[in-house]
Amino acid sequence: MMTSVPLDPHDDLARGGALTGGLDLGAKPSWRTTKNALMIAVMAAAVALVAIPLVAVLWSVLAKGAGIAFHAFPDFFTSTIPVISRKAGPGVGPAIVGTALVTGGATLIAVPVGVLGAVYLHEYGGTTTFARLVRFMATVMTGVPSIVMGLFVYLIWTMSFGYSAFGGALALACLMLPVVIGSTEQMLRLVPAPLREAAYALGATRSRTILTIVLPAALPGIISGVLLAIARAAGETAPLMFAVGAATAYNPDLFHEANTALSLQIFGNATSAFPAAQDRAWGAALALVLITFIVTLIARVFTSRLALKR
Amino acid sequence: MQLSELHGHKQYADRAFRGIALGAAGLVLLILGLIAVKMTQRAWPAFGVPFLSSTRWSAPEGVFGALPFLWGTLYTAVIALVLAVPVSLGVALFITQVAPPWLKKPMVYLLDLLAVVPSVVFGLWGVLVLSRHFGLGRSFLTAGVILAVMIIPIITSLAREVIETTPVSDKEAALALGATRWEMICAAVLPHSKGGIVGAVMLGLGRAMGETIAAALVIGSALGQITPNPFASGNSMPAVIANEWGEADEPHKAALIALAVTLFVITIAVNLIATAIVQRSMKRSHGT
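Residues numbered from 1 in each chain as written. Chains lettered and ligands numbered in written order. Predicted model: local features only at pLDDT ≥ 70, side-chain atom pairs only at ≥ 80, totals over all residues.

Novice: Would you mind going over the overall build of chain A in detail, with residue names and values included?
Specialist: The helix and strand tally for chain A stands at twelve helices and zero strands. Starting at the N terminus, the α and β elements of chain A follow one another as α-α-α-α-α-α-α-α-α-α-α-α. Looking at chain A as a whole, 49% of its 310 residues are labelled buried. At a minimum sequence separation of 6, the contacts of chain A that also span at least 24 residues come to 73%. (Helix = DSSP H or I, 4+ residues; strand = E, 2+ residues; numbered from the N terminus. Buried ≥ 20, exposed ≤ 12 C-beta atoms within 10 Å, placed from the backbone. Contact = placed C-beta atoms within 7 Å.)

Novice: I'd like a rundown of the overall build of chain B, residues and numbers included.
Specialist: Within chain B, the regular secondary structure consists of ten helices and two strands. Against the compact-globule benchmark of 19 Å for 288 residues, chain B has a radius of gyration of 24 Å, which places it well outside the compact range. Per-residue burial over chain B gives 51% buried out of 288 residues. The long-range share in chain B, meaning contacts at least 24 apart out of those at least 6 apart in sequence, stands at 75%. (Rg over C-alpha atoms; globule rule 2.2 N^0.38 Å.)

Novice: Hey, could you go over the environment of Val145 of chain B for me, with residue numbers and the actual values?
Specialist: All names here are of chain B. Within the element layout of this structure, Val145 appears in helix α5 (residues 140-163). Distance from Val145 to Tyr75, taken between C-alpha atoms, is 12 Å for residues 70 residues apart in sequence. Once residues lying within four places of it in the same chain are set aside, the contact partners of Val145 are Leu83 and Leu130.

Novice: So what's going on with the domain arrangement of chain B? Residues and values would help.
Specialist: Residue and element names in this part refer to chain B. Domains assigned within chain B are domain 1 (2-46) and domain 2 (49-287). For domain 1 versus domain 2, the distance between C-alpha centres works out to 33 Å. In this assembly, seven residues from domain 1 lie in contact with ten residues from domain 2. (Domains from an automatic or database assignment.)

Novice: Explain the domain arrangement of chain A residue by residue, including any values.
Specialist: Residues and elements named next belong to chain A. Here the domain parsing of chain A yields domain 1 (17-69) and domain 2 (78-304). Its C-alpha centre places domain 1 at a distance of 36 Å from the equivalent point of domain 2. Looking at the side of domain 1 that touches domain 2 residue by residue, the classes come out as five nonpolar, one polar and one charged. (Nonpolar A, V, L, I, M, F, W, Y, C, P; charged D, E, K, R; others polar.)

Novice: Give a detailed account of the interface of chain B and chain A, specifying residues and quantitative values.
Specialist: In this assembly, 69 residues from chain B lie in contact with 71 residues from chain A. Looking at the side of chain B that touches chain A, the element that brings in the most residues is helix α1 (residues 2-43) of chain B, giving 19 residues. Here the residues of the side of chain B that touches chain A sort into 50 nonpolar, ten polar and nine charged.

Novice: I'd like to hear about the nonpolar core, residue by residue, with values.
Specialist: Of all hydrophobic cores here, the largest spans 199 residues; its most connected members are Val121 and Ala260 of chain B. Setting aside anything within four residues of it in sequence, one finds Val121 of chain B in contact with Val57, Val61, Ile266, Ala285, Leu288 and Val289 of chain A. (Core = buried A, V, L, I, M, F, W, Y, C linked by C-beta atoms within 7 Å.)

Novice: So what's going on with the environment of Leu111 of chain B? Residues and values would help.
Specialist: Residue and element names in this part refer to chain B. Along the chain, Leu111 falls in helix α3 (residues 101-116). The exposure class assigned to Leu111 is buried, which follows from the 23 C-beta atoms found within 10 Å. For the pair Leu111 and Pro153, spaced 42 residues apart in the sequence, the C-alpha separation amounts to 5.5 Å. Contacts of Leu111, omitting those with residues within four sequence positions, involve Pro153, Thr156 and Ser157.

Novice: Residues and numbers for the packing of helix α8 (residues 193-201) of chain A against helix α9 (residues 206-234) of chain A, please.
Specialist: Residue and element names in this part refer to chain A. Packing of α8 against α9 leaves a shortest axis separation of 10 Å and a crossing angle of 155°. Here α9 runs roughly antiparallel to α8, going by the angle between their axes. In this structure, α8 crosses over α9, and the sense of that crossing is right-handed. Side by side, α8 and α9 meet where Leu195, Arg196, Ala199 and Tyr200 of the first sit next to Thr209, Ile213, Val214 and Ala217 of the second. A breakdown of the residues in the contact of α8 with α9 according to their chemical character gives six nonpolar, one polar and one charged. (Axes fitted to C-alpha atoms, helices over the stretch in contact; angles between N-to-C directions. Parallel < 35°, antiparallel > 145°, perpendicular 65-115°, else oblique. Left-handed = near helix turned anticlockwise from the far one by under 90°.)

Novice: Please give an account of the packing of α5 of chain B against helix α7 (residues 181-210) of chain B that cites residues and values.
Specialist: Residue and element names in this part refer to chain B. Following both chains from N to C, one finds α5 and α7 inclined at 150°, their axes separated by 8 Å at the closest point. Classed by the angle they form, the pair α5 and α7 counts as roughly antiparallel. Two packed elements cross with a definite hand, and for α5 against α7 that hand is right-handed. Residues Leu147, Ile151, Ile154, Ile155, Leu158, Ala159, Val162 and Ile163 of α5 form the contact with α7, whose participating residues are Val189, Ser193, Gly196, Ile197, Ala200, Val201, Leu203, Gly204, Arg207 and Ala208. Its residues assigned to classes, the contact of α5 with α7 shows 14 nonpolar, three polar and one charged.

Novice: Outline unusual backbone geometry, supporting the account with residue identities and numerical values.
Specialist: With the exception of glycine, the majority of residues adopt a negative phi angle, and the majority of peptide bonds are in the trans configuration. For Glu257 of chain A, which is not glycine, the phi torsion reads 70° and is therefore positive. Among the structural elements, Glu257 of chain A can be located in the loop between α10 (238-241) and α11 (262-270).

Novice: Could you give an account of the confidence of the model for chain A, naming the residues involved and the relevant values?
Specialist: In the predicted model, chain A carries a mean pLDDT of 84, and the fraction of residues at 70 or more is 87%. Low pLDDT, under 50, characterises residues 1-19 of chain A; the predicted model gives this stretch 17 contacts beyond four residues in sequence or across chains. (pLDDT = per-residue confidence, 0-100.)

Novice: Tell me about α9 of chain A, and please be specific about residues and values.
Specialist: Helical geometry note: an α-helix holds 3.6 residues per turn, so side chains three or four residues apart project in the same direction. The terminal C-alpha atoms of α9 of chain A lie 35 Å apart, and with 29 residues this falls more than 12% below the ideal 42 Å at 1.5 Å per residue. Approximately 60° is the largest bend angle found in α9 of chain A, and it occurs at Leu219 of chain A, with the proline Pro220 of chain A only one to four residues beyond. (Expected span 1.5 Å × (residues − 1). Bend = angle between axes of the 7 residues up to and from the residue.)

Novice: For the environment of Ile155 of chain B, give the residues involved together with the corresponding values.
Specialist: Residue and element names in this part refer to chain B. Relative to the helices and strands, Ile155 is located in helix α5. Here the alpha-carbon distance between Ile155 and Leu203, two residues 48 residues apart in the chain, equals 7.4 Å. Apart from residues lying up to four places away in sequence, Ile155 is in contact with Ala84, Val85, Ser88, Ala200, Val201 and Gly204.

The structure is reproduced here in structure tokens:
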């Protein structure tokens, strides 16, 4: 078998010919190796295929958004939104403030609850039925459509208290909660048991051990997970539609009066027939993509600094 | 005596902390329960026999038949899966089995970025670029393509996790028997991760059905279309809610919430099954 195939002089060295004294130990070109090469090419093509929409979307956002966003530089990011949407001109300032309020509020609600929930699941619950149920349902909860969360918050909050950024924050917090629980529990799992045992041996109570030893050890990982959850939440539209309203002026009040957000501005202007509104949609898209990418990047930095590795 | 007092105090704080943490964990169950109860309550008047079987939806007449939207939701999700699953599997296998180590990281970054692009930006691109310049129009197919792009990172990352639990010994055994890399994948990797991959695909299905904004922008918002023609305009349940809520009055609002309840039930069912499958396959592979 080895001698029947003529050796290819160009390939000899590559196949280890130099080491084996001319014996060809590599796979012969056959249907099997061809198929192998073919399938690997198909897989590589899949990777290229995934890059296409990402590049296309980012290119469109950059090409169409940069014009309006950086035309008169800070204007687009600071001016108020034109009340008549067909009017040309800058302005998504209030939407940026709104996005920050809504996302910030959601973070303040979801992170403490989520981290504590994860602490319960990992440090106390373990494999009890309750903990397993909560873990399971948290995973299921990540799949609840965001628009359902939006309507839910409309029913329990907006119907009684009216439009406000806080309603949006509640909806986003519901979306972030299971994500934060999941990522935090994963990080707690990485904290070595001897660390906890050392604290117990020194007489620390369980809660003190968790608060002063376990959580600080897992902190970079927890922050990274939280930041990824924030990046996702900042781009959400559907949960905000029923709770936030449609303001065109700045509203820095979290709890009162209608507000707006970048994603809502994009959604509202995307189907507009007026070029000026479409331009603003692209500009807002650029701002939103920048925000989510920057937050994701910071999350990556935290991940790479992780002291605890799997 | 002082020591024991201190001890008692500490124990109290310890218990309180435990209780707070327990409450935080229980909140997940509470929220899910509240969603189910509150929304069903509110939507109850709209749930008649014809709600899920009738094809006529006319808000001014107070006639609400959701079947076309159910069709649109399922049809676009299936189109998305057909497009996304082969690509996601190819990417997951390439990253885990083929790519050299230096290539892995940039590829994972690529997927992360794709996952973090807001859905409304995909929708904007879909409605102003894809549907206009590629001749797709606003249709089931356009929605399917956009949804596919959005679920590829989800399916890929889950499939990757499952595939990476394939025991090295299985893979090496296949290679030692003279298998090519592709044969090794077929003989060792795929049989091992079959269950988990099915779960990942189902989670992708759940996501595709629940995606609102991108679908609302590109699906075309046509009423009453039940057609297998992918180039036809249609509507999906979340898209209807997003597009009609603004001008909805009373019976109409209840009907829209009924749509949301239907969507909630379907996606929860899909996710329950998917999560169970994924967890079982992960546990099995960690156990051995």
